[in-house]
Amino acid sequence: MSKSHLKVIAGGRVIDPMSGVDCRADVYIEDSKIAKIETGSLFSKKDMKSYESGECFWAEGFIVTPGLIDLHVHLREPGRESVETVASGALAAAAGGFTAVCCMPNTTPPIDNQETVRFVLDRAADASVKVYPIGAITKGRSGQQLAEIGDLVAAGAVAISDDGSPVESAAVMRRALAYAKMFDIPVVSHAEDMSLSAGTHMNEGYVSTTLGIKGNPPISEEICIARDILLADYTASRLHVAHVSTKGAVELIRYAKRNGVNVTAEATPHHFTLTDDLIAERFDTNLKMNPPLRTKKDVESVIAGLQDGTLDCIACDHAPHSTEDKDVEFDLAPNGIIGLETSLGLAITHLVKPGLLSWSDLVERMSTNPARIMGLDGGRLKKGSPADITVIDPEAVWKVNVDKFRSKSRNSPYNGKRLTGRAIMTVVNGRVVYQAV
Amino acid sequence: MAFGLKHLLGLEGVSREDIDTILNAADSFREVLDRPIKKVPTLRGVTVVNLFYEASTRTRISFELAAKRLSADLLNFTTSGSSVSKGETFKDTVRNIEAMKVDMIVMRHACSGAPKFLTEFSSSQVINAGDGSHEHPTQALLDMLSIRQHFGKLDGLRVVIVGDILHSRVARSNIWGLKTMGASVAICGPTTLLPVEVEKMGVDVYCDISRALDGADVVNVLRLQLERQQSGLLPSLREYTNLFGITSERKRLLNRNHIVMHPGPMNRGVEIASDVADGDDSVILDQVTNGVAVRMAVLYLIKGGGSKEDE
């Protein structure tokens, strides 16, 4: 990592969907902001001599994008610092090409009060990437009484969610949506009807039938999404649906958007790359998460949703767990996998390379839209905006090795997998926070 | 004929040849059980651990007798609670037992897939004695042995499994095994106790007991766990008995030459009427005897006795 400040990223293909740029261009940085995007008189490699080492990055063959943003991660601090901290999660994010993340409030104690928002922001102050806390919807995330949402927003929360659990009562969710409208923040729904899914460990379908594992039916997710869409429509509030995993859920959101409901949604890399039948191989607990891995037709629908914009963004639901907690019988393992360091590679390998998503669409799903949904100052390469930039090597072939992860945890089902495409440099406020060697 | 299995985790994917080998060996061991001195030296010096993470009496005793009849040394490890409640992980428990130098682990566990998980880190040979609602291969093998003893074959027979298919590892293992051996399998039970997409396992699915039993050669009656009513899956045991209980009247729908089976323990008067359980066509106690013979065969073959390609 260089000490001197980066002044120009030259010679790369610059893609910024927000300003409609997709061409060879040079990005100039000044005072931690974008100074200009030069598409006219282009920098040549010889011009590098007039810069000190570290001031100029030659990006020929690479893709230069507004910094990627993951709006759904779990950083575990406060409470479970042994599996992740704000600092280690931010390092993982930087290595994965992200310049900002939004962290979920299911910590111990939960982020349901100003003090905890401030604590997380304090930890984030010297972290590698920008960290935006999401506050809880209800006190103690118990689904009963609204948290002091005005206080949370005043302290810096960018959204509210009880992620990890659904808000079971429609009445409480109605109030949350109505109340959040005063602060113009989205309510992030972890959609699940617990009366259908409590005590389940995988998707309900043919595979759960043969394995004899209690299954989580797709309708559990879909019923709750349908409810929340109706509530968002009724209250005219902003709903964001987390980790959409089923065909029916994609169809519900598509329908809602067509009918003018103010709803956005995300998909995780694991829900567009993996299916439930993999669990039968060896009951790998790194294939256990919530919502669970679904079937081929669901994966196809999630991809179609990302293609037509029904699903606005890719978010990895980074969920660190210790090896001890995961190295147990399938039924006893906690839900969740880490994803920050594989998200971009999986999206390029499984969506861009097969021609399912253009580069510009990918940048929109991983930067422009997350910034728009959460109202963040980012997601664009424009004069005056923060110099948050990701440089991607689209052809790099690399093998996932969890032992080299910056995250404190190792719970990834992709260990050993070969991926194409990765971030080679991550720049936050003009400072290089990650550079591949 | 070489025996192809290092472990016996389930019957899904086990070949017809391997099942035949087990059943043939079980027939031989069945003769041993009828001798005055019911013991052979086959597994002398081999240590078998019965690792039971879930309450069981008859399966544990059956494996214990099987191991002892083969002259193996047997250790019983039974824990009532889960590994978590004991504060030691499953993995640590197994490693501790293995450090005492054992050869084979017979395991029962409430979590599906636990025996497979065990093989991922253990050096022992593993026999699944029932994992969650997943598989119970030795029960299905003893069921198949009992059918074969009566009919002389499995191929072409029609077997009906009646009851709580959703939670039944016995049903799943029977379906895989019987299908592999060429039998046709039907399942019958209340719709709330049938798992989703079960027809894809290649079975005929019935909710009408009369249609299911019509012309069948074998009816295998599953135990109804009485807590299914409390958890709301059934309105009442009374209605279950009315709709699915096997009575002598319903039995008349079966083929003239037929047998009645039950893996035990029975709820007399709930899933099976007493006179049916005790009828001449009931092989329920033969199943229990066959259980010991089948488990002797499995222990023997897994240990390598049946292989001509010993490494």
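What you see is a predicted model, and the numbers here were worked out from it, not measured in a lab. Counting starts from 1 at the beginning of each chain's written sequence and moves along it residue by residue. Written order decides the labels, with chains lettered from A and ligands numbered from 1. Only residues with pLDDT of 70 or above have their local features reported here, since the model is predicted, and side-chain atom pairs are shown and tallied only from 80 upward, although totals for entire chains, interfaces and linings are computed over all residues. Side-chain calculation: all heavy atoms of the structure are included, whereas hydrogens and water are not.

1. Observations concerning the overall build of chain B
Numbering of helices and strands starts at the N terminus; helices are DSSP runs of H or I of at least 4 residues and strands are runs of E of at least 2. Helix and strand content of chain B: 13 helices and nine strands. Across its three principal axes, chain B shows a C-alpha extent of roughly 55 × 45 × 35 Å. Counting across all 311 residues of chain B, residues that qualify as buried make up 59%. Contacts are residue-level and defined by heavy atoms, with any inter-residue pair within 4.5 Å sufficient. Nonlocal contacts in chain B, meaning residues at least 24 apart in sequence, comprise 73% of its contacts between residues at least 6 apart. For every residue, the accessible area obtained with a 1.4 Å probe (protein chains only) is divided by the maximum for its type, and the residue is called buried under 20%, exposed over 50%, and partly exposed between those limits.

2. Brief notes about the interface of chain B and chain A
Interfaces are often described in size by the accessible area the parts lose on coming together. The interface of chain B with chain A comprises 23 residues on the first partner and 17 residues on the second. Here chain B packs against chain A, burying approximately 1700 Å² in sum over the two surfaces, 60% of which is carbon and sulfur. Only one rule defines a salt bridge in this text: a Lys or Arg side-chain nitrogen within 4 Å of an Asp or Glu carboxyl oxygen. Linking chain B with chain A are two salt bridges, by the criterion used here. In this structure, the salt-bridge partner of Glu 120 of chain B is Arg 282 of chain A, at a minimum N-O distance of 3.6 Å. Counted as a polar contact is a pair of N or O atoms within 3.5 Å, where, for protein atoms, one must be capable of donating a hydrogen and the other of accepting one, and residues adjacent in sequence contribute only when both atoms are in side chains. At the junction of chain B and chain A, the tally comes to six residue pairs in polar contact (both at pLDDT 80 or more). Sorting the residues of the side of chain B that touches chain A by element identifies helix H3 (83-86), helix H4 (90-99), helix H5 (114-121) and helix H7 (169-180) of chain B as the ones contributing at least two each. Among the elements that take part in the side of chain B that touches chain A, H5 of chain B stands out by supplying four residues, more than any other. Buried surface area refers to the total accessible area, computed with a probe of radius 1.4 Å, that the two partners give up upon joining, counted for both partners together.

3. Here's the deal with the packing of helix H4 (residues 170-180) of chain A against helix H7 (residues 218-235) of chain A
Residues and elements named next belong to chain A. Structural elements are reduced to axes, namely lines fitted to C-alpha atoms, with helices fitted over the stretch in contact, and the angle between N-to-C directions of any two is expressed from 0 to 180 degrees. Where H4 contacts H7, the axes come no closer than 9 Å and their chain directions differ by 45 degrees. With respect to H7, the axis of H4 lies oblique. You can see that H4 and H7 cross each other, and the crossing is right-handed. Judged by residue contacts, Ala 170, Met 173, Arg 174, Leu 177 and Ala 178 of H4 engage Arg 227, Asp 228, Leu 231, Ala 232, Tyr 234 and Thr 235 from H7. Three residue categories are used. Nonpolar comprises Ala, Val, Leu, Ile, Met, Phe, Trp, Tyr, Cys and Pro, charged comprises Asp, Glu, Lys and Arg, and polar comprises the others, including Gly. A breakdown of the residues in the contact of H4 with H7 according to their chemical character gives seven nonpolar, one polar and three charged. Geometric relationships in this document are graded by angle, where less than 35 degrees denotes roughly parallel, more than 145 denotes roughly antiparallel, 65 to 115 denotes roughly perpendicular, and other angles denote oblique. Left-handed describes a crossing whose near helix is turned anticlockwise from the far helix through less than a right angle; right-handed describes the clockwise counterpart.

4. Overview of helix H1 (residues 86-95) of chain A
Residues and elements named next belong to chain A. Buried residues dominate H1, accounting for eight of its ten residues. Taken residue by residue, H1 has Val 86, Ser 88, Gly 89, Ala 90, Ala 92, Ala 93, Ala 94 and Ala 95 as its buried positions. On the buried face of H1, the contacting elements are strand S7 (98-103), helix H2 (114-124), strand S8 (130-133), strand S17 (418-428) and strand S18 (431-435). Looking at the residues trailing H1, positive phi occurs at Gly 97, about 95 degrees.

5. Here we look at the domain arrangement of chain A
Residues and elements named next belong to chain A. For chain A, the domain assignment lists domain 1 (8-64 + 385-435) and domain 2 (67-374). The split of the chain into domains comes from an automatic or database domain assignment. Computed over C-alpha atoms only, the centres of domain 1 and domain 2 are separated by 26 Å. Listed as interface residues are 36 residues of domain 1 and, on the opposing side, 48 residues of domain 2. Carbon and sulfur atoms supply 63% of the area that domain 1 and domain 2 bury against each other, a total of about 3300 Å² over both sides. A per-residue breakdown of the area domain 1 buries against domain 2 is headed by Lys 408, Asn 411 and Tyr 414, which together make up 22% of the total. The interface formed by domain 1 and domain 2 includes two salt bridges. For Asp 388, the salt bridge goes to Lys 130, with nearest N and O atoms at 2.6 Å. Taken together, the links from domain 1 to domain 2 amount to 21 residue pairs in polar contact (both at pLDDT 80 or more). Broken down by secondary-structure element, the contributors of at least two residues to the side of domain 1 that touches domain 2 are strand S1 (8-16), strand S16 (389-399), S17 and S18.

6. Considerations on the nonpolar core
In summary, soluble globular proteins display a tendency toward joint burial of nonpolar side chains. Buried Ala, Val, Leu, Ile, Met, Phe, Trp, Tyr and Cys residues that are joined via side-chain atoms within 4.5 Å together make up what is termed a nonpolar core. In terms of nonpolar packing, the biggest core is built from 77 residues, with Leu 311 and Leu 362 of chain A touching the most fellow members. Of all the elements, H1 of chain A adds the most residues to this core, at six residues. Both domain 1 (8-64 + 385-435) and domain 2 (67-374) of chain A contribute no fewer than three residues apiece to this core. For Leu 362 of chain A, the residues in contact, after removing those within four places along its chain, are Ile 314, Leu 344, Ala 347, Ile 348, Val 352 and Leu 357 of chain A. Counting 66 residues, the second largest nonpolar core, distinct from the first, contains Val 32, Leu 43, Met 181 and Val 198 of chain B.

7. A short note on the pairing of S7 of chain A
Residue and element names in this part refer to chain A. Along S7, six of the six residues are buried, which leaves the element largely enclosed by surrounding structure. Only when DSSP finds a minimum of two bridges between them are two strands counted as paired. Of the strand pairs in this sheet, strand S6 (residues 68-73) and S7 are connected by four bridges, and their pairing is parallel. Bridging across to S7, Val 73 finds its partner in Cys 103. As paired strands, S7 and S8 are joined by four bridges and run parallel to one another.

8. Structural notes on the packing of H7 of chain A against helix H8 (residues 247-258) of chain A
Residues and elements named next belong to chain A. Interaxial distance between H7 and H8 falls to 9 Å at its minimum, and their mutual angle equals 10 degrees. Judged by the angle between their axes, H7 and H8 are roughly parallel. Seen along the crossing, H7 lies across H8 with a hand that is right-handed. Counted together, Glu 221, Glu 222, Ile 225, Ala 226 and Ile 229 of H7 and Gly 248, Ala 249, Leu 252, Ile 253 and Ala 256 of H8 form the full contact between these two elements. For the contact of H7 with H8, the per-class residue count stands at seven nonpolar, one polar and two charged.

9. Some thoughts on the pattern of salt bridges
Residues and elements named next belong to chain B. Counting across every chain of the model gives 30 salt bridges over all chains. Here Asp 20 ties to Arg 148 by a salt bridge, and the two come within 3.5 Å at their closest N and O atoms. Linking Asp 20 in helix H1 (residues 16-33) with Arg 148 in helix H6 (residues 137-151), this pair joins segments that are 128 residues apart in sequence. A relative accessible area of 27% means that Asp 20 is categorised as partly exposed.

10. Observations concerning the sheet that holds strand S7 (residues 204-206) of chain B
Residue and element names in this part refer to chain B. In space, the five strands of this open sheet follow the order S7-S6-S5-S8-S9, with parallel pairing throughout. Two strands close off the open sheet at either side, each with one partner strand: S7 and strand S9 (259-261). Taken pair by pair, the neighbouring strands of this sheet meet at an average axis angle of 20 degrees, ignoring direction. Relative to S7, strand S6 (residues 184-188) runs parallel, the two being bridged by three bridges. Residue pairing across strands places Ala 186 opposite Asp 204, the latter belonging to S7. Of the strands in this sheet, strand S5 (158-162), strand S8 (218-221) and S9 touch H6, which is tilted by about 165 degrees from S9.

11. Some points on the sheet that holds S6 of chain A
Strand pairing in a sheet relies on backbone hydrogen bonds, with the paired strands running either antiparallel or parallel. Residue and element names in this part refer to chain A. Spatially, S6-S7-S8 is the arrangement adopted by the three strands of the open sheet, whose pairing is parallel. A strand with exactly one partner marks an edge of an open sheet, and here the two such strands are S6 and S8. Each strand axis lies, on average, 20 degrees off the axis of its neighbour in the sheet, ignoring direction. The strands touched by H2 are S7 and S8; relative to S8, the strand with the most contacts, the crossing angle is about 175 degrees.

12. Notes on the environment of Leu 9 of chain B
All names here are of chain B. Take Leu 9: it is sitting in the segment before H1. The partly exposed category is assigned to Leu 9, whose relative accessible area is 21%. Between the C-alpha atoms of Leu 9 and Ile 175, which are 166 residues apart in sequence, the distance is 15 Å. Excluding its chain neighbours within four sequence positions, the residues that come into contact with Leu 9 are Pro 115, Lys 116, Thr 119, Val 126, Asn 128, Glu 135 and Pro 137.

13. Focus on the pairing of strand S4 (residues 125-131) of chain B
Here is the key point about a regular strand: its side chains alternate between the two faces of the sheet. Residue and element names in this part refer to chain B. With seven of seven residues buried, S4 lies mostly within the body of the structure. Looking at chain direction, strand S3 (residues 104-109) and S4 are connected through five bridges and run parallel. Among the inter-strand pairings, Ile 105 is bridged to a residue of S4, identified as Val 126. A clockwise course of the path from the first strand over the helix to the second, judged with the strands pointing away from the viewer, identifies a crossover as right-handed. Handedness of the crossover is the feature at issue here: the chain leaves S3, passes through H5, returns alongside S4, and the resulting connection is right-handed.

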